[in-house]
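# Topology and contacts: notes
Below, each chain spelled out in residue letters.
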Amino acid sequence: MNIRPTLLTAALAGVVAALVWPVLWAQWGGAAVGGSFEFIIATLLVIVLPAHAFVVGFTRTHDPSTRTIDSALLKRIGAWLGSAAGVTAFRALAGL
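Residues numbered from 1 in each chain as written. Predicted model: local features only at pLDDT ≥ 70, side-chain atom pairs only at ≥ 80, totals over all residues. Heavy atoms only, no water.

## Examining the packing of helix 2 (residues 37–56) against helix 3 (residues 71–94)
How we decide: Between the N-to-C directions of two axes lies an angle of 0 to 180 degrees, each axis being a line fitted to C-alpha atoms and, for a helix, fitted only over the stretch in contact. Runs of H or I in DSSP of at least four residues are treated as helices and runs of E of at least two as strands, each being numbered from the N terminus. Roughly parallel here means an angle under 35 degrees, roughly antiparallel means over 145, roughly perpendicular means 65 to 115, and every remaining angle is called oblique. The contact rule is simple, with two residues in contact once any of their heavy atoms fall within 4.5 Å. In this count, Pro and Cys sit with the nonpolar residues alongside Ala, Val, Leu, Ile, Met, Phe, Trp and Tyr, while Asp, Glu, Lys and Arg are called charged and the others, Gly among them, polar.
In contact at an axis separation of 9 Å, helix 2 and helix 3 are set at 135° when each is read in the N-to-C sense. With respect to each other, helix 2 and helix 3 are oriented oblique. Contact residues: helix 2 offers Ala-51, Val-55 and Val-56, while helix 3 offers Leu-73, Arg-76, Ile-77 and Trp-80. The class makeup of the residues in the contact of helix 2 with helix 3 is six nonpolar, no polar and one charged.

## Points about helix 3
For clarity, the cut-off: A helix is expected to span 1.5 Å for every residue after the first.
Here helix 3 spans 34 Å end to end across 24 residues, near enough to the 34 Å set by a 1.5 Å rise per residue. With its phi angle positive at about 75°, Gly-95 sits one or two positions after the end of helix 3.

## So, a nonpolar patch on the surface
The following threshold applies: Exposure above 30% relative accessible area and the absence of a salt bridge qualify a residue for a patch, where like charges join within 9 Å and nonpolar side chains (Val, Leu, Ile, Met, Phe, Trp, Tyr) within 5 Å. A 1.4 Å probe and the Shrake-Rupley method give the accessible areas. Residues count as covered only by the protein chains that appear here. Salt-bridge detection follows one rule: a side-chain nitrogen of Lys or Arg within 4 Å of a carboxyl oxygen of Asp or Glu.
Together, Phe-37, Ile-40, Ile-41, Leu-44, Leu-45, Val-48, Leu-49 and Phe-58 make up an exposed nonpolar region whose accessible area comes to about 780 Å². Within the secondary structure, Phe-58 sits in the loop between helix 2 and helix 3.

## Notes on the packing of aromatic side chains
The test is simple: Two aromatic rings, drawn from Phe, Tyr or Trp (for Trp, its six-membered ring), form a pair once their centres lie within 6.5 Å of each other, and the interplanar angle then sorts them: stacked below 30 degrees, edge-to-face above 60, tilted otherwise. Buried means the residue's accessible area, taken with a 1.4 Å probe over protein chains only, is under 20% of the maximum for its type, while exposed means over 50%, and partly exposed covers the values in between.
Under the counting rule described, the total for this entry stands at three aromatic pairs. For the ring pair Trp-21 and Phe-39, a centre distance of 5.3 Å and an interplane angle of 50° mean the geometry is tilted. In this pair, Trp-21 is assigned in helix 1 (residues 7–29) and Phe-39 in helix 2, connecting sequence segments 18 residues apart. With relative accessibility at 34%, the residue Trp-21 sits in the partly exposed group. Accessibility expressed as a relative area gives 8% for Phe-39, which makes it buried. Taken together, Trp-21, Trp-25 and Phe-39 form an aromatic cluster joined through their ring pairs.

Written out as structure tokens, the structure reads:
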């Protein structure tokens, strides 16, 4: 399966992360300092894996020997973080 990360997929991954993280934290993360096994697995499956697939991707997009900055990756990271911050701000302002 070849998943091609785009700005849209990165933004959607950020939205999902921002919506799901408070639920995961309330369910498993608040009581334990290091988190429970379920909390760690849920974080990997719901936050980390989609972020990697839809922001970073599974294929190399440029030659690492060129020593240049991957600007497309930086834009996708910005879209991911920006959408997550936007959803978090919206939820705080809306009182959700």
